[in-house]
Structure formats: structure tokens, C-alpha cells
Amino acid sequence: EDQVTQSPEALRLQEGESSSLNCSYTVSGLRGLFWYRQDPGKGPEFLFTLYSAGEEKEKERLKATLTKKESFLHITAPKPEDSATYLCAVQKEGYSTLTFGKGTMLLVSP
Amino acid sequence: DVKVTQSSRYLVKRTGEKVFLECVQDMDHENMFWYRQDPGLGLRLIYFSYDVKMKEKGDIPEGYSVSREKKERFSLILESASTNQTSMYLCASSLTAFEAFFGQGTRLTVV
């Protein structure tokens, strides 16, 4: 059975304090790994897709990386507006559906 | 930009009512999905559709049905609403093998 585990469940950072969120996965035949950001009361917003081990994607203060067993979302010098829940999801070869982790709730204090 | 629009942000319904949640996408995506999101449980797939009039059960289809009569529209139906269906409902659409785009969500409360 496909599994996606995100850690930590919650993370509190000071503004400017860099850190990483982890997404470990078990899936037979990974097609892609996806990162989303979700603000309270809203739908998830797409951030990145990673397709193969060693791949990296960047957007502003965020950088996502992928290995054969896990993905990291690195947040460099975060700001309060980066506070959100970050969701990781995997898509299996031959399927259109996504399996989501439970998310990491990030709070960045000024 | 892809736009996925859900018909309501908030709904309050009574136990036993038949409830319709509507979702429309404007990017000609073949795939559409309905998820529910609950604290501590994450997003769980209820149903998805890969073409007009086609549907597949997800992980938690019990108590729900769906309808896709047109490519851009995907409806979720709660046949007889119950309090354990109180949740945030999220619709999404995608092209096959690409990322899914989500609507803003419908917070449904069944009383």
C-alpha cells in the first residue's frame, strides 16, 4: 500500500531561521512527487513537482529535493507570510490519483 | 491560470437531506477529483473521474455518489447527509500525469 509520511507535524520558526520539512514515501513505481501549500480555510496551492531522484526545484525561499525514499522542502530565511500547512503527495505510474501525507503546519514568528 | 470553482464556500444542511456539491474547471482537464479533509486524517479521495460519464471509487466512497455529464463539471452527491459527513470538501482537476489544481473548498456542516 502506498504511504506518505510527513514530519514534523508542526514546526515553529523565528523569522529568518532556515529549516527543512520531510516527506518520506513508499510507493511502487513513482511517477511524481508533489508539494502543495495550504492556507487555513482554503484549497491547496500547487508548488512543485519532482519526477526523479536528484531533481531540485526552487521558488523564492523554497527549494524541494527528491531522493528514492524521501523529499525535503527547504525553507531559507522564512517570513511570517510563509506560515501555512505544507502537503506532500505522490502519484504512482499509470495512475492519475494522488496519495497525500497529513501535512506539516509551519508557523513563522516575526 | 487554471481555475477550479466550487459552488459554495460554506453549507449547513440537516441530517437526511440530499446534498449537491458542484465543481467547475476551465482548463479542459480530463481528470477531476473529490477529496474530503479532516483534522488528523489529511486529504482522502472520495471519487474521481477520468472522462465524461466515467467514475471510479476512491478510498472512502461510502455514502457518496458523483456525476460528470460535461467535461468541465463534476458533482458530488451526499444521498442522505449524516453528521459524520461534516468536513471540508475539496475538488481538483488535472491533466493525466501532471499536477492537480484545487478549488477553494466547501466547508459542509451537517446538523
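Above this text is the structure in question.
Quantities reported herein were computed from a predicted structural model and do not represent experimental measurements.

Quick notes on the rules
- Residues numbered from 1 in each chain as written.
- Chains lettered and ligands numbered in written order.
- Predicted model: local features only at pLDDT ≥ 70, side-chain atom pairs only at ≥ 80, totals over all residues.
- Heavy atoms only, no water.
- Helix = DSSP H or I, 4+ residues; strand = E, 2+ residues; numbered from the N terminus.
- Rg over C-alpha atoms; globule rule 2.2 N^0.38 Å.
- Contact = heavy atoms within 4.5 Å.
- Areas by Shrake-Rupley, 256 points an atom, 1.4 Å probe, with all protein chains shown as cover.
- Lys, Arg positive; Asp, Glu negative; His and termini not counted.
- Charge placed at Lys NZ, Arg CZ, Asp CG, Glu CD.
- Buried area = accessible area lost by both parts, 1.4 Å probe.
- Salt bridge = Lys/Arg side-chain N within 4 Å of Asp/Glu carboxyl O.
- Polar contact = N/O pair within 3.5 Å; in protein donor to acceptor, adjacent residues only side chain to side chain.
- Nonpolar A, V, L, I, M, F, W, Y, C, P; charged D, E, K, R; others polar.
- Disulfide = S-S within 2.5 Å.
- Buried < 20%, exposed > 50% of the residue type's maximum accessible area, 1.4 Å probe, protein only.
- Pairing = 2+ DSSP bridges.
- Axes fitted to C-alpha atoms, helices over the stretch in contact; angles between N-to-C directions.

## Focus: the overall build of chain B
The helix and strand inventory of chain B stands at zero helices and 11 strands. A compact globule built from 111 residues should have a C-alpha radius of gyration of about 13 Å, and chain B, at 13 Å, falls within 12% of that. The principal-axis extents of the C-alpha atoms in chain B amount to approximately 35 × 25 × 25 Å. A separation threshold of at least 6 residues defines the contact pool for chain B, and within that pool the share at least 24 residues apart is 54%. For chain B, the computed accessible surface area is about 5,500 Å², with 51% contributed by carbon and sulfur atoms. Charged side chains in chain B number 15 positive and 15 negative. The centres of these two groups are separated by 7 Å.

## Observations regarding the interface of chain A and chain B
Listed as interface residues are 18 residues of chain A and, on the opposing side, 22 residues of chain B. If you sort the residues of chain A by the area they bury against chain B, A:Ser96, A:Thr97 and A:Phe100 come out on top, with a joint share of 28%. At the boundary of chain A with chain B, the tally comes to zero salt bridges. Where chain A meets chain B, there are five residue pairs in polar contact (both at pLDDT 80 or more). Examining the composition of the side of chain A that touches chain B, we find that four residues originate from one element, strand 4 (residues 30-38) of chain A, more than from any other. Residues of the side of chain A that touches chain B, tallied by class, amount to eight nonpolar, seven polar and three charged.

## Some words on the state of the cysteines
According to the stated counting rule, one finds two disulfides over all chains in the structure shown. Residue A:Cys23 pairs covalently with A:Cys88 via a disulfide, S to S 1.9 Å. Handedness of the A:Cys23-A:Cys88 disulfide follows from its S-S torsion of about -60°: it is left-handed. Placement of the pair is A:Cys23 in strand 3 (residues 19-26) and A:Cys88 in strand 9 (residues 84-92), with a sequence separation of 65 residues. Among the residues examined, A:Cys23 registers a relative accessible area of 0% and is labelled buried. On the accessibility criterion, A:Cys88 (0% relative accessible area) is buried. Here B:Cys23 is linked by a disulfide to B:Cys91, with a sulfur-sulfur distance of 1.9 Å.

## What to know about the sheet that holds strand 1 (residues 4-6) of chain B
Residues and elements named next belong to chain B. The four strands are arranged 1-3-8-7 in an open sheet whose pairing can be described as antiparallel. Edge strands, defined here as strands with exactly one partner in the open sheet, are strand 1 and strand 7 (64-70). Adjacent strand axes in the sheet meet at a mean angle of 20° when their direction is disregarded. Strand direction decides the pairing type here: strand 3 (residues 19-25) and strand 8 (residues 73-78), joined by six bridges, are antiparallel.

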